[in-house]
Amino acid sequence: MQLCGVFNTSSEVLDDIPEVLHGQQIDIREAQKEDPIIRCWLTHVSKVGISESHLRDKQTIDLNGYKWIGNNRKTISPNAWRGSGGVGFLIKNNVFNNFDVNILDRNRDDILWIYLQCKYDQDVKFYFCVCYLQPERSCRGNIAQEFYDSLLSQIYLYSTGVPIFLCGDFNGRSGLQQDFDDTLDMVLPRQPIDETKNAFGDYLPDFLRDAK
């Protein structure tokens, strides 16, 4: 299971989350018992995006204080001893006091969209998407172009003035390649710690530019 994104309405809470937790492979259920940092972090974080949940059929994640909303793969090998891929969100129970949380789109394996709509002001709405792109040498083949085409179409479809939060595992290593347009983007250059580049590393920057 991979923790791939964190969202909270409090920027102070986000600033306090150790950077090492972002994208780290952990077993959440065991980690919260053994690691006081993760246990404290889960106490404050209200929305967690998870990729590679490895759930099958209608399996869910049962974590105290959270509700699981997932999109398990519909087709897996009959010989597989566990599920593969799969994405979802853990939503803290108290979020439901103020927001209705519903699935927006789960038509494609390994992409899940949900939306939060304020119970007291229907105009206050947020879209969240979590996704997973299988590695380039996966037995399912290279589906990167198809994956990004689908994801980009969904972004265009749901870009209606509602804030969109996107997280996921894209299995793209872009090395030192610039992933933004310095004539348009007001962002600081990233400081890469991984200089390795793979084939999927070319798809990700193209997607980021096209999704503006």
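In this numbering scheme, every chain counts its residues from 1 along its sequence in written order. In view of the model being predicted, local features appear only for residues whose pLDDT reaches at least 70, and side-chain atom pairs are presented and counted only at 80 or more, with totals across whole chains, interfaces and linings using the full set of residues. Working from all heavy atoms in the structure, the side-chain values ignore hydrogens and water.

**Some points on the overall build of the chain**
Piece 1. Where helices and strands are cited, they refer to DSSP runs of H or I of at least four residues and of E of at least two residues respectively, numbered from the N terminus. Broken down by element type, the chain carries five helices and eight strands.
Piece 2. Counting the 212 residues in the chain, one finds 44% classified as buried.
Piece 3. Any two residues whose heavy atoms approach within 4.5 Å at even a single point are treated as in contact. Counted over contacts in the chain with a minimum sequence separation of 6, partners at least 24 positions apart contribute 59%.
Piece 4. Values of accessible area rely on a 1.4 Å probe in the Shrake-Rupley scheme; residue burial ignores everything except the protein chains shown. Surface accessibility of the chain: about 12,000 Å² in total, with carbon and sulfur atoms responsible for 49%. Exposed residues in this analysis have more than 50% of their type's maximum accessible area, buried residues have under 20%, and partly exposed residues fall in between, with area computed by a 1.4 Å probe over protein chains only.

**Considering unusual backbone geometry**
Piece 1. Residues other than glycine seldom take positive phi values, yet D57 does so here, at roughly 50°.
Piece 2. Note that D57 resides in the loop between strand 2 (47–51) and strand 3 (66–71).
Piece 3. The phi dihedral of N171 is positive, around 50°, even though this residue is not glycine.
Piece 4. With respect to the helices and strands, N171 occurs in the loop between strand 8 (164–169) and helix 5 (200–210).

**Here we look at the packing of aromatic side chains**
Piece 1. Whether two aromatic rings pair depends on their centres lying within 6.5 Å, for rings of Phe, Tyr and Trp, where Trp uses its six-membered ring; planes under 30 degrees apart make the pair stacked, over 60 edge-to-face, and the rest tilted. The final tally for this structure, using the stated rule, is 13 aromatic pairs.
Piece 2. Look at W113 and Y158: their rings are 5.1 Å apart centre to centre, the planes differ by 55°, and that puts the pair in the tilted class. Here the residue W113 occupies a position in strand 6 (residues 111–118), and Y158 occupies one in helix 4 (residues 144–158), the gap between them amounting to 45 residues.
Piece 3. Relative accessible area serves as the criterion here: at 0%, W113 is assigned to the buried category.
Piece 4. The buried category is assigned to Y158, whose relative accessible area is 11%.
Piece 5. Linked through ring pairs, F147, Y148, F170, F200, Y203 and F207 together constitute an aromatic cluster.
Piece 6. A ring is considered to have a charge above it if a Lys NZ or an Arg CZ atom is located within 6 Å of its centre and within 35 degrees of its normal. The ring of Y115 has K125 lying over it, and the distance from NZ or CZ to the ring centre is 5.7 Å.

**Here's the deal with the packing of helix 4 against helix 5**
Piece 1. Each axis is a line fitted through C-alpha atoms, taken for helices only over the stretch in contact, and angles between the N-to-C directions span 0 to 180 degrees. Closest axis-to-axis distance for the helix 4/helix 5 pair is 11 Å, and the angle between their directions is 15°. With respect to their mutual orientation, helix 4 and helix 5 come out roughly parallel. The hand of the helix 4/helix 5 crossing is right-handed. Across the interface between the two elements, A144, Q145, Y148, L151, L152, I155 and Y156 of helix 4 pack against F200, Y203, L204, F207 and D210 of helix 5. An angle counts as roughly parallel when it lies under 35 degrees, as roughly antiparallel when it exceeds 145, as roughly perpendicular when it falls between 65 and 115, and as oblique in every other case. Crossing chirality is assigned from the near helix's rotation relative to the far helix, an anticlockwise turn below a right angle marking it left-handed and a clockwise turn marking it right-handed.

**Section: the side chain of D110**
Piece 1. Following the sequence through the fold, D110 ends up in the loop between strand 5 (99–105) and strand 6.
Piece 2. In this structure D110 comes out as buried when scored by relative accessible area, which is 5%.
Piece 3. For D110, the side chain forms a polar contact with the side chain of R73, separated by 2.8 Å.
Piece 4. Excluding residues within four positions of it along the chain, D110 makes contact with N71, R73, G85, G86, V87, V130, C131, Y132 and F147. In the analysis that follows, any N or O atom pair within 3.5 Å is treated as a polar contact, provided that within protein one partner can donate a hydrogen and the other can accept it, and provided that, for residues neighboring in sequence, both atoms belong to side chains.

**Quick look at the confidence of the model for the chain**
Piece 1. In predicted models, pLDDT denotes the confidence assigned by the predictor to each residue on a 0 to 100 scale. Across the chain, the average pLDDT comes to 76, with 70% of residues at 70 or higher.
Piece 2. Contacts from residues 1–26, a stretch scored under 50 in pLDDT, to residues over four places away or in other chains number 65 contacts.

**Let's talk about the environment of T196**
Piece 1. By the secondary structure assignment, T196 is in the loop between strand 8 and helix 5.
Piece 2. Here T196 falls in the partly exposed class, since its relative accessible area comes to 38%.
Piece 3. Along the primary structure T196 and S174 are separated by 22 residues, whereas in three dimensions their C-alpha atoms are 6.9 Å apart.
Piece 4. Among residues more than four places away in sequence, those in contact with T196 are R173, S174 and G175.

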